[in-house]
Amino acid sequence: MDLLLGAVVLGVLLGCFYAAVSVGLSVSFGLLDVPHVAHPAFLVLASYGVYQLNESYDIDPLLAGLAITPLFFLFGLLAYRVYYETFERRGSDAAVRGIAFFFGIAFIIEVLIILQFGVDQRSVSATYIGKSWRFGEFRIPIRQLVAFAVALALTVLLAVYLSKTFMGRAIRAVAQDEEALRLMGANPVRIKQFAFGIATAVLGIAGALLIIVAPVEPTLDRAYIGRTFCVVVMAGLGSISGTLIAAIILGVAESIVLTLFGASWAPAISFAMLLGVLAVRPQGLLGR
Amino acid sequence: MKRRTFLGGAMAVAVVGHGSSALAQQPPIKIGMSMPQTGGLAGGGKASLLGIEIWRDDINAKGGLLGRKVELVVYDDKSSASETPAIYAKLVDVDKVDLLFAPYATVPTAPIMPFVKQRGLLLMGNFSFQVNSKVGHDMWFNNAPWGPADSWAASFLDLAQKAGGKNMALLTADQEFAQNLALTARDVARKRNIPIVFDQVYPPNTVEFSSIIRALKAAKPDIVYVASYPPDSAGILRAVNEIGIGDSVKIFGGGMVGLQFAAVMSNLGSLLNGVVNYNTWLPEKSMYFDGTKEFFDKYTKRAVEAKVDPLGYYLAPFGYAMGQMIEAAVGATKSLDQKGIAKYLRENEHKTIVGPIAFSADGERKETATLQAQFRGVKDKDIEQFRSSGKQVILFPDKLKTGELITPFEAGRN
């Protein structure tokens, strides 16, 4: 019973971390319909940015993540503009060709990281990494609690931004009916570009959480492609609260399997759950 | 000067001059290999390649092999097993290399074994484990110090049993190298009547090990044998530090890849203390042979520029040793005949910078020289500390031993 309870608690923490690394994709892929397979590569790039600031100036990883957020916002604006001019503007098969574009970007990012940092693993130091809180016999890694709290705050803030602010509503509107928005005098491309910037900026913080939770290496993005897309699709495309719920379900399921049923079954869990959700509810957990 | 002396001298100069220009014009001896330059094995691949390159530069400075320069033909296999068969076919059929070195590690090497056997080619193995056990190629020679298949697990379990360990937990990565290690560990444990109370195989890409370590701790093992790959080793040790492993554990470690690499060691720092893990070369007194110090002097200078492991203990000197063995065999047989070279390698003991090497019939070391060493007194964020002796005390083999095991594991962590 203790093992099961522990697995659930650690699973919730892990799930919130999964939500943080997926929530940007929920905007770019879920709302904007951009096949952003370079999302995990952007995430790893952000981790290296955090690593550099932590290593060179001893800045706390979370503060470093916050510091690079504006840069990532600009990077997102630029990436979407290139994608739009090159693919989206030109026709209906933009999504298919766009996948190749983003794969290319992911590959370039990997190579640039290797050239700059080499191929070795990198990690950051902070007072909360490597320690745990004790509750009797039960111990929780503090880095996971930090990741949980920040991920929860990030997801809630993004959900509030998209539902309560003028620009947030515009982003939702452009996702629902681009033409209608155009008829109302708005420029859907600029709104989408701004939204893509937001989705990329979020990765500054998510990248910090990634390197807080575990060391990173240049090709780590490949490990996250499946998980992040699984969370976003299972959540229901574009649903931020759905992303949080789906990620927690995935985290808890993985943790229980790892603890009680054998680690080798864990990778199958995400895809089994995805297939199960799509079979019962094709629009995802909170999709419309 | 008499006219005859002058003519003789002139002719001699002409002959020597002609001869050396003929040698210089001879095509180079090409040694082909794939090496992980990107992907999960790249850290090791780059360090290994630098070791081989230092040998190439040394041999060329001495005039080359058989009076011909040595040239390396290297491709990046991206740490992928699917890349190597095509690369080795190209090396042999298109690049027409004279000799083959294997890529670093088990996973990229395993798929080329049938190819080299079918073509009857000599392959100098580079730190793979048991890739020839089923293929049975008689021209395979592994530079790694592993020795007989079960010696790795046996040496760890010897230490564990002496420390009072009576049951074992096994945590292994789901990939070929770790699974081969786990197989031998299970086998040795069965022969010694050591019950296995926890046996988990975790998949690659496991993000978080806290849950697994909790389950392992609940099994209350005495001996914890871990066979992991670099990204996982760090995650496992972090989780052990945070979740705890229990007072019952006498010894922890064994087959964790990554704890030999400077970046990982520096990242983990004091979390390494107490861990008993395999290694290949360490800066302990017993590990210096002819040329070892000179090699590391050169490596240390070049590693910074090449952005590779600044310590380079694990693989680089063995890459150099691989070249030394070829140098000895080609020198002795005075040819590039691969069967002749293989015969020489099999029948002789070879002096290298990592000690004497002799091969058994399967191409692995006759006698294991795999070290089991315990991390002691390691501080955080200090890579230079690993250059001095005493940070990794050698417990096995006896002839290289530099200290005794501190047990239980928790006591070793202080």
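A. Summary view of the nonpolar core. The biggest cluster of nonpolar side chains holds 240 residues, and the ones touching the most others in it are F17(A), Y104(B), I236(B) and F252(B). Considering each element in turn, this core owes the most residues, 17 residues, to helix α8 (residues 188-213) of chain A. Setting aside its immediate chain neighbours within four residues, Y104(B) contacts M35(B), P36(B), L41(B), G44(B), G45(B), N126(B), F127(B), V257(B), F261(B), Y314(B) and L315(B). Listed in part, the five residues of the second largest apolar core include L10(A), L13(A), F138(A) and I140(A).

B. Fine view of the packing of helix α2 (residues 39-57) of chain A against helix α3 (residues 61-86) of chain A. Residue and element names in this part refer to chain A. Close contact between α2 and α3 brings their axes to 9 Å; oriented N to C, the two are set at 140°. Taken as axis vectors, α2 and α3 run oblique relative to one another. Relative to α3, the crossing made by α2 is right-handed. Between α2 and α3, the residues in contact are F42, L45, A46, V50, L53 and N54 and P61, A64, G65, A67, I68, F72, F75 and A79, respectively.

C. Geometry of the sheet that holds strand β4 (residues 123-126) of chain B. Residue and element names in this part refer to chain B. In spatial order, the strands read β2-β1-β3-β4-β5; together these five strands make up an open sheet with parallel pairing. Of all strands in the sheet, those with a lone pairing partner are β2 (70-76) and β5 (140-142), marking the two edges. Between one strand axis and the next, the sheet turns by 20° as a mean value, whatever way the strands run. Examined bridge by bridge, strand β3 (residues 99-104) and β4 share three bridges and lie parallel to one another. Looking across to β4, one finds that Y104 is bridged to N126. Here helix α12 (residues 316-333) sits on the sheet and contacts β3 and β4; the angle it forms with β4, its principal contact strand, is near 160°. Relative to the sheet, helix α13 (residues 338-347) contacts β3, β4 and β5, its axis offset from that of β5 by approximately 45°.

D. Structural detail: the environment of D222(B). Residue and element names in this part refer to chain B. Positionally, D222 belongs in the loop between α8 (210-218) and β8 (223-228). Separated by 29 residues in sequence, D222 and I251 have C-alpha atoms that sit 7.1 Å apart. Apart from residues lying up to four places away in sequence, D222 is in contact with G164, G165, K166, N167, S248, V249, K250 and I251. Separated by 2.8 Å, the side chain of D222 and the backbone nitrogen of K166 make a polar contact.

E. Seen up close, α2(A). For α2(A), which comprises 19 residues, the first-to-last C-alpha distance of 27 Å matches the rise-based estimate of 27 Å (1.5 Å per residue) to within 8%. Following α2(A) by one or two positions, D58(A) adopts a phi angle in the positive range, close to 60°.

F. Region of the structure containing the interface of chain B and chain A. Counting from both sides, the interface comprises 36 residues of chain B and, opposite them, 44 residues of chain A. In total, chain B and chain A occlude about 3200 Å² of area from one another, counting both sides; carbon and sulfur atoms represent 52% of this. By the criterion of area lost to chain A, the three top residues of chain B are R214(B), R238(B) and E242(B), representing 22% of everything that side buries. The interface formed by chain B and chain A includes three salt bridges. When the shortest N-O distance is used, the salt bridge between E208(B) and R143(A) registers 3.0 Å. Here chain B is connected to chain A by 16 residue pairs in polar contact (both at pLDDT 80 or more). Secondary-structure elements contributing two or more residues to the side of chain B that touches chain A are α2 (42-61), β7 (196-202), α8, α9 (230-243) and α10 (262-268) of chain B.

G. A look at the sheet that holds β7(B). Residues and elements named next belong to chain B. The seven strands lie next to each other as β7-β6-β8-β9-β10-β11-β12, forming an open sheet whose pairing is mixed. Two strands close off the open sheet at either side, each with one partner strand: β7 and β12 (392-396). The mean inter-strand angle of the sheet, taken between neighbouring strand axes irrespective of direction, is 25°. Here strand β6 (residues 168-173) pairs with β7 via six bridges, running parallel. Bridged to L170 within β7 is D199.

H. Structural detail: the packing of aromatic side chains. Considering all chains together, one arrives at 40 aromatic pairs over all chains under this definition. Seen from their ring centres, F73(A) and F194(A) are 5.4 Å apart, and the 75° between their planes marks the pair as edge-to-face. Taken together, the positions of F73(A) in helix α3 and F194(A) in helix α8 put the pair 121 residues apart, joining distant regions of the chain. What makes F194(A) partly exposed here is its relative accessible area of 25%. Within the aromatic cluster, the residues linked to one another by ring pairs are F127(B), F129(B), W146(B), W152(B), F177(B), Y229(B), F261(B), Y278(B), Y314(B) and F318(B).

I. Molecular detail of the confidence of the model for chain B. Residues and elements named next belong to chain B. Within chain B, residue pLDDT values average 91, and 94% of them lie at 70 or more. Ignoring residues within four places in sequence, the model shows residues 5-23, a span with pLDDT below 50, making two contacts including any to other chains. Two summary scores accompany this predicted model of the complex, namely pTM at 0.82 and ipTM at 0.79.

J. Layout of the pairing of β4(B). Residues and elements named next belong to chain B. Residue alternation in β4 divides its side chains into two sets, L123 and G125 and M124 and N126, and both sets are buried. Sheet topology note: the β4/β5 ladder contains three bridges and is parallel. Paired with G125 across the strands is N142, a residue of β5.

Criteria and thresholds
- Residues numbered from 1 in each chain as written.
- Chains lettered and ligands numbered in written order.
- Predicted model: local features only at pLDDT ≥ 70, side-chain atom pairs only at ≥ 80, totals over all residues.
- Heavy atoms only, no water.
- Core = buried A, V, L, I, M, F, W, Y, C linked by side-chain atoms within 4.5 Å.
- Buried < 20%, exposed > 50% of the residue type's maximum accessible area, 1.4 Å probe, protein only.
- Helix = DSSP H or I, 4+ residues; strand = E, 2+ residues; numbered from the N terminus.
- Contact = heavy atoms within 4.5 Å.
- Axes fitted to C-alpha atoms, helices over the stretch in contact; angles between N-to-C directions.
- Parallel < 35°, antiparallel > 145°, perpendicular 65-115°, else oblique.
- Left-handed = near helix turned anticlockwise from the far one by under 90°.
- Pairing = 2+ DSSP bridges.
- Polar contact = N/O pair within 3.5 Å; in protein donor to acceptor, adjacent residues only side chain to side chain.
- Expected span 1.5 Å × (residues − 1).
- Buried area = accessible area lost by both parts, 1.4 Å probe.
- Salt bridge = Lys/Arg side-chain N within 4 Å of Asp/Glu carboxyl O.
- Phe/Tyr/Trp six-rings, centres within 6.5 Å; stacked < 30°, edge-to-face > 60°.
- pLDDT = per-residue confidence, 0-100.

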